[in-house]
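Report on the structure
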Amino acid sequence: MSDTPFLKNVWYVAGFGSELDGDFVSRTICNQRIVMFRASDGTVAALDDRCPHRFVPLSMGKRVGDMLQCGYHGLGFGVDGTCVDNPNQPGHDGRKDICVRAYPAVERHAAIWIWMGDPALADPGTIPDFSFMAEDDRFAAPTGYSHMKANAEIVADNLLDLSHVHYLHPGVHDGSDFASFRNEVKQEGDTLWSMLWRPRYYLSPERRALWGLDAEWVEGQGHTRWDAPGVLAVYTAFWKQGGSIEQGVQIPSAHLLTPETEYTTHYFWATARNFQIDNAELSARQVVAVKEIFETQDGPMLEAQQAFMGSETDLIKLRPVVLKPDTAGLMSRRMMKQRRRAEAGMDMGEVMAAE
Amino acid sequence: MSDTPFLKNVWYVAGFGSELDGDFVSRTICNQRIVMFRASDGTVAALDDRCPHRFVPLSMGKRVGDMLQCGYHGLGFGVDGTCVDNPNQPGHDGRKDICVRAYPAVERHAAIWIWMGDPALADPGTIPDFSFMAEDDRFAAPTGYSHMKANAEIVADNLLDLSHVHYLHPGVHDGSDFASFRNEVKQEGDTLWSMLWRPRYYLSPERRALWGLDAEWVEGQGHTRWDAPGVLAVYTAFWKQGGSIEQGVQIPSAHLLTPETEYTTHYFWATARNFQIDNAELSARQVVAVKEIFETQDGPMLEAQQAFMGSETDLIKLRPVVLKPDTAGLMSRRMMKQRRRAEAGMDMGEVMAAE
Amino acid sequence: MSDTPFLKNVWYVAGFGSELDGDFVSRTICNQRIVMFRASDGTVAALDDRCPHRFVPLSMGKRVGDMLQCGYHGLGFGVDGTCVDNPNQPGHDGRKDICVRAYPAVERHAAIWIWMGDPALADPGTIPDFSFMAEDDRFAAPTGYSHMKANAEIVADNLLDLSHVHYLHPGVHDGSDFASFRNEVKQEGDTLWSMLWRPRYYLSPERRALWGLDAEWVEGQGHTRWDAPGVLAVYTAFWKQGGSIEQGVQIPSAHLLTPETEYTTHYFWATARNFQIDNAELSARQVVAVKEIFETQDGPMLEAQQAFMGSETDLIKLRPVVLKPDTAGLMSRRMMKQRRRAEAGMDMGEVMAAE
Ligand code: FES
Ligand code: FES
Ligand code: FES
């Protein structure tokens, strides 16, 4: 299979809910420019950001109540995408025969989730659980955004193989006993888990102070959960050796990857914690630190990788050398490929045969 | 018909005459880089701006009398494009077998008009009348230039559908009774007219003072004349209700659109007036104001439209929704298409059949 | 023949030896990104700058002794390109089945020479003599680098036709008797010579002082030697009329052209002299002056030429007008074409027939 079209029947993260507190937001998702706003009844409208008259972005116009008014000749479109105001008609009547496409969209876990495929299949029940980002009040979860100049799957690769931390982010695991870490990868339905146990993990004095764990050596985990099309939770936690995770420090993080184009990715992220959750200054500092790492360490590396891959989006076609920690990345690619093929109309038997 | 080549047998505006007061001007017109200068006898030379030796722009060289000397190895070319100086020959003799293409060009109505097609067909009598730009001394006509990142026909569309003014240029028609305006479109030979009457037009106190019309409500017109390949005059005027245009304020404007490439347009414009014609400070102020509108309101909108159209230049192929004020734009596109087909060698019967 | 692939079995200049005094240097040569370093035994390593695991530049990693360690997941590669360290193996064992391509490279005449073709054919004995750059202690030879946005062959054209100096670099030959210069072009094996004699050459008072030649008129030469793929020496010298070159001023220069891509060229150059060879301030001044000329006079002209040539790399296909001083340029192109065809597997009889 030579092309890798975007998966359609899946929930993509289109932004943070807080972005809709203003008028509207325009963002390109899977090569489609989408304009979103929160209507007066609280529902989220997500429309093709392209007026069907002269093909200009509706986001260059303005919002008039629950209507977007085109900034060129004034056509107005409602929450469901139909033209509700044509200034060339007596009384500004709308025209039912004119409309822009509206996409199912819901606000959940501090994020906006959009469905680019068949609206009849859009079930919010399939949105993976990221309640630590909003609903679970044990956590503070400051968020951020980074634009990655790389295909979304190679950004996911980065997160699914944490061995890169030792080389790309020196300092993070200093002092720890890398050889003692244990990794296990397993698929559960449409979900993939890459579980990492760290039975002996070194804490620097600074961390001990910050985390309130008065031990030089602790045990910990870094369990990564992946769901299509590339929404990941990394459940990182540390606790006293022999103790339990419930008494420990939990720092789950969210990594929500949405293709802007084949070669660029929206990276919405959250870095949560179950300690000092009212410390806003700490939250702000963490956001700066994480953004710095993503944009000056991972970002340039992934951009360079994409540059070498050129117009190719499927790493596998370039026949990379395979190392032990590649397992989870390879499995997620296989799961994505199966879903894309299934959407393209092949039945599962054919998919298996074609592998 | 899938391609939209440039019309060849038509006069394009290549610049303002005043630009030739210096040495020479180089400009890309219909994808051809042209170098122009005014020879000592007053005629305008317009040559391919490309030395036939190593294919560098002649405009990187210098003018020596009525000759352009290539800046690389010194070949010299005269007004008619033939090589009149070869430094490698004894006595710097020219070489008749070497030449660059010369284009018919004339200076008229403050502009330079160039003919990109068959020189035998170049009749300056077919240049549309823009005498308010220069020859008619009732008018002052300050001029300006804006570079538009859009196909020339979608820039013309903008000018042929003035309903956009209400949305893209708020403030301009404030207070006026839009519903009372009357529009009529008609074709006269190769010329298209979109006539607009405003029987009840509101004048703000500032306009009353500027225009010397002491009435809150006046009547007016905004008649747009279009000729191929996209040279438009908008005859705007206002006068006291029941009075005549001759006693009124006349503010004709010129909009001279020349394709630089398929996706970019030279927009030469003039904003004339029949009042305070010696007020240079007013002229300067008007140029700044018009340039601001074209480049910060129309320009970004048209650039966004072209971005959505991608490599397409023919709006119609994208099947836009059609609104009432689109009539003139559609007619001008049809007239252009007929002329392009005629140039491509189809007779008119075939053209009609192919529509 | 419609394509002009890069010649492979030839020595390209990859940089100056002094650049390897630091850690490593990464540079694109003939569209290949190469990373180079000088190993502890003094040999030069030149490797594909692309990790075979995730296709990122090895030069984004770091040097650990004579090994390059990938900055993403830590694979280490030795001087010969094989993987000598895999952090995922017990004891960081290497993996012999993983490697990056290593290219023959030698350091000579102050430059690094790399062989992009069959290693079995890489004979350093075929490197042209540029001993005035380093080994010949009669000369000081300050060096510099200019990036040219043009195909390497049109940069060579520029150097093989010095008639351009009169137009592109006014001032350099002012006062000299151009008509009296004599030129002769000859091929000697794989080497091309364009010899220029200047029996009557004018020296300005400044030059007389700088060069220590107290005569207004001298005689001189400017013999250009070209070798594939575009490494040129220009043996410029001046001496008193009736005297000999040995007693004169010699200012040989090196012009080492290496394709970065089809459309951009690394221009490594040296401007040597046999006078005031210990005057570092003079050397610094000359480097600034030469760089200024190459980058503000030749550079823009060649960039404009390439822009007109578009994606074409073979000037001849565009059917340029031919002038007398084009002889050497045409011969060098022909010699390049023959070698490329020979590499492509045609025998010489076919090459001649195909001309
Ligand atoms: S482009 Fe939107 S109304 Fe005309
Ligand atoms: S490029 Fe014009 S004379 Fe050589
Ligand atoms: S990319 Fe080099 S080791 Fe993974």
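Just so it is clear, the structure is predicted and the values come from calculations on it, not from any experiment.

The rules behind the values
- Each chain has its residues counted from 1, running along the sequence as written.
- Lettering of chains starts at A and numbering of ligands starts at 1, both following the order in which they are written.
- For a predicted model such as this one, the threshold for reporting local features is a pLDDT of at least 70, and the threshold for listing and counting side-chain atom pairs is 80 or more; totals across whole chains, interfaces and linings nevertheless cover every residue.
- Calculation of side-chain values draws on the structure's entire complement of heavy atoms; hydrogens and water are dropped beforehand.
- Helical segments are the DSSP runs of H or I of at least four residues, strand segments are the runs of E of at least two, and each set is numbered from the N terminus.
- We call a residue buried when its accessible area falls under 20% of the maximum for its residue type, exposed when it is over 50%, and partly exposed in between, using a 1.4 Å probe and counting protein chains only.
- In what follows, a disulfide is any cysteine sulfur pair within 2.5 Å.
- Salt bridge criterion: a side-chain nitrogen from Lys or Arg within 4 Å of a carboxyl oxygen from Asp or Glu.
- Where each domain begins and ends follows an automated or database-derived domain assignment.
- Throughout, a residue-residue contact means that at least one pair of heavy atoms, one from each residue, lies within 4.5 Å.
- Defined here as a combined quantity, buried area equals the accessible surface (1.4 Å probe) lost by two parts on assembly, summed across both.
- The term polar contact refers here to a pair of N or O atoms within 3.5 Å; inside protein, the definition further demands a hydrogen-donor-capable atom paired with an acceptor-capable atom, and it admits residues adjacent in sequence only when both atoms are side-chain atoms.
- When residues are grouped by polarity, Ala, Val, Leu, Ile, Met, Phe, Trp, Tyr, Cys and Pro land in nonpolar, Asp, Glu, Lys and Arg in charged, and all others, Gly among them, in polar.
- Patches draw on residues past 30% relative accessible area with no salt bridge. Two like charges within 9 Å are joined, as are two nonpolar side chains (Val, Leu, Ile, Met, Phe, Trp, Tyr) within 5 Å.
- Note on areas: these come from Shrake-Rupley sampling with a 1.4 Å probe, and a residue is covered only by the protein chains present in the view.
- By this rule the span expected of a helix is its residue count minus one, scaled by 1.5 Å.
- To get the bend at a given residue, fit one axis to the seven residues ending there, fit another to the seven starting there, and take the angle between those axes.
- A least-squares superposition brings the copies together, and it is based on the C-alpha atoms of residues with pLDDT no lower than 70 in both.
- Only strands that DSSP links by at least two bridges are regarded as paired with each other.
- Axis lines are fitted to C-alpha atoms, over the contacting stretch for helices. Their N-to-C directions set the angle, which ranges from 0 to 180 degrees.
- Stacked, tilted and edge-to-face are the three classes assigned to paired rings of Phe, Tyr and Trp, where Trp is represented by its six-membered ring and a pair needs centres within 6.5 Å; plane angles under 30 degrees give stacked, over 60 edge-to-face, the rest tilted.
- Here, over-ring charges are defined by two tests on the NZ atom of lysine or the CZ atom of arginine: distance to the ring centre within 6 Å, and angle to the ring normal within 35 degrees.

So, the environment of L58 of chain B
Residue and element names in this part refer to chain B. Tracing the chain through its elements places L58 in the loop between β4 (44-48) and β5 (62-64). Judged by relative accessible area, which is 0%, L58 ranks as buried. Once the C-alpha coordinates of L58 and R339 are considered, the two residues, 281 residues apart in sequence, prove to be 33 Å apart.

Remarks on the state of the cysteines
Considering all chains together, one arrives at zero disulfides over all chains under this definition. Between C99 of chain B, a cysteine without a disulfide, and C83 of chain B, which holds the nearest cysteine sulfur, the sulfur-to-sulfur distance is 9.4 Å.

Comments concerning the pattern of salt bridges
In this structure the tally under the stated criterion is 69 salt bridges over all chains. We note a salt bridge from D326 of chain A to R54 of chain C, for which the minimum N-O separation is 3.2 Å. Of the two residues, D326 of chain A is situated in the loop between α4 (280-309) and α5 (327-343) and R54 of chain C in the loop between β4 (44-48) and β5 (62-64); the pairing between them involves two chains. Of the two residues examined, D326 of chain A and R54 of chain C, each falls in the buried class. The salt bridge partner of R138 of chain C is D136 of chain C, with a shortest N-O separation of 2.8 Å.

Considerations on the domain arrangement of chain A
Residues and elements named next belong to chain A. Here chain A is partitioned into domain 1 (11-121) and domain 2 (131-354). Taking only C-alpha atoms into account, the centre of domain 1 sits 32 Å from that of domain 2. Counting residues at the interface gives 16 residues for domain 1 and 17 residues for domain 2. For the pair domain 1 and domain 2, the two sides together bury roughly 1,300 Å², of which 67% comes from carbon and sulfur. Considering only the surface of domain 1 that becomes buried against domain 2, V13, F16 and H109 emerge as the three largest contributors, covering 43% of it. Our enumeration of links across domain 1 and domain 2 arrives at zero salt bridges. At the junction of domain 1 with domain 2, the criterion picks out seven residue pairs in polar contact (both at pLDDT 80 or more). Those elements giving two or more residues to the side of domain 1 that touches domain 2 turn out to be β1 (11-16) and β2 (25-29). With six residues, the single largest contributor to the side of domain 1 that touches domain 2 is β1. For the side of domain 1 that touches domain 2, a count of residues per class yields nine nonpolar, four polar and three charged.

Overview of a nonpolar patch on the surface
Taken together, I316, V322 and L330 of chain A make up a surface patch of nonpolar side chains, about 210 Å² in accessible area. You can call L330 of chain A partly exposed: its relative accessible area is 34%.

Things to note about the environment of I277 of chain C
All names here are of chain C. One can find I277 in the loop between β19 (264-271) and α4 (280-309). Remark: the alpha-carbon pair of I277 and E246, spanning 31 residues in sequence, is separated by 16 Å. With residues up to four places along the chain from it excluded, the contact list for I277 reads D137, R138, F139 and A140.

Some points on α4 of chain C
Residues and elements named next belong to chain C. Given a rise of 1.5 Å per residue, 30 residues ought to cover 44 Å, and the 41 Å separating the end C-alpha atoms of α4 matches this to within 8%. Taking the largest bend as the criterion, α4 deviates by roughly 40 degrees, centred on G299, and proline P300 comes between one and four positions later. For α4, the N-terminal cap is N279; the gap from its side-chain oxygen to the backbone nitrogen of E281 is 3.2 Å. Following α4 by one or two positions, G310 adopts a phi angle in the positive range, close to 65 degrees.

Description of the relation of the copies chain B and chain C
For these two chains of identical sequence, chain B goes onto chain C by a turn of 120 degrees and a shift of 0.0 Å along the axis, with RMSD 0.0 Å. Both chain copies can therefore be described as sitting about a three-fold axis. In terms of C-alpha distance to the rotation axis, chain B has S311 of chain B as its closest residue, with the C-alpha 11 Å off the axis.

Things to note about the sheet that holds β2 of chain A
Residue and element names in this part refer to chain A. One open sheet accounts for three strands, arranged β2-β3-β4; its pairing is antiparallel. In this open sheet, the two edge strands, each paired with only one partner strand, are β2 and β4 (44-48). Strand-to-strand twist across the sheet, computed as the mean angle between neighbouring axes with direction ignored, equals 30 degrees. Two strands pair when backbone bridges link them, and strand β3 (residues 32-38) and β4 are joined in this way by five bridges, in the antiparallel orientation. Bridging from a neighbouring strand, R38 pairs with V44 of β4.

Overview of unusual backbone geometry
Cis geometry marks the peptide bond from A228 of chain A to P229 of chain A; its omega dihedral reads 0 degrees. Positive phi values are uncommon outside glycine, yet F55 of chain B reaches one of about 60 degrees. By secondary structure assignment, the location of F55 of chain B is in the loop between β4 and β5. Positive phi outside glycine occurs at R319 of chain C, with the angle close to 55 degrees. Among the secondary structure elements, R319 of chain C is positioned in the loop between α4 and α5 (327-343).

Notes on the interface of chain B and chain A
Residue-level contacts link 23 residues of chain B with 23 residues of chain A. Carbon and sulfur atoms make up 66% of the surface buried where chain B meets chain A, a total of about 2,100 Å² over both sides. For the chain B face of the interface with chain A, the top three residues by lost area are Y167, M301 and F308 of chain B, together amounting to 36%. Secondary-structure elements contributing two or more residues to the side of chain B that touches chain A are α1 (152-160), α2 (165-168) and α4 (280-309) of chain B. Of the residues forming the side of chain B that touches chain A, the biggest block, six residues, is contributed by α4 of chain B. Grouping the amino acids of the side of chain B that touches chain A by side-chain chemistry returns 14 nonpolar, four polar and five charged.

Section: the packing of aromatic side chains
Residues and elements named next belong to chain A. Inspection of every chain in the model, using the stated rule, returns 42 aromatic pairs over all chains. With centroids separated by 4.7 Å and ring planes inclined at 20 degrees, the aromatic side chains of Y267 and F294 adopt a geometry described as stacked. Residue Y267 is found in strand β19 (residues 264-271), and its partner F294 is found in helix α4; the two are separated by 27 residues along the sequence. Here Y267 matches F294 in class, with each residue buried. Seen from the ring of W217, R200 lies directly overhead, with NZ or CZ sitting 3.8 Å from the centre.

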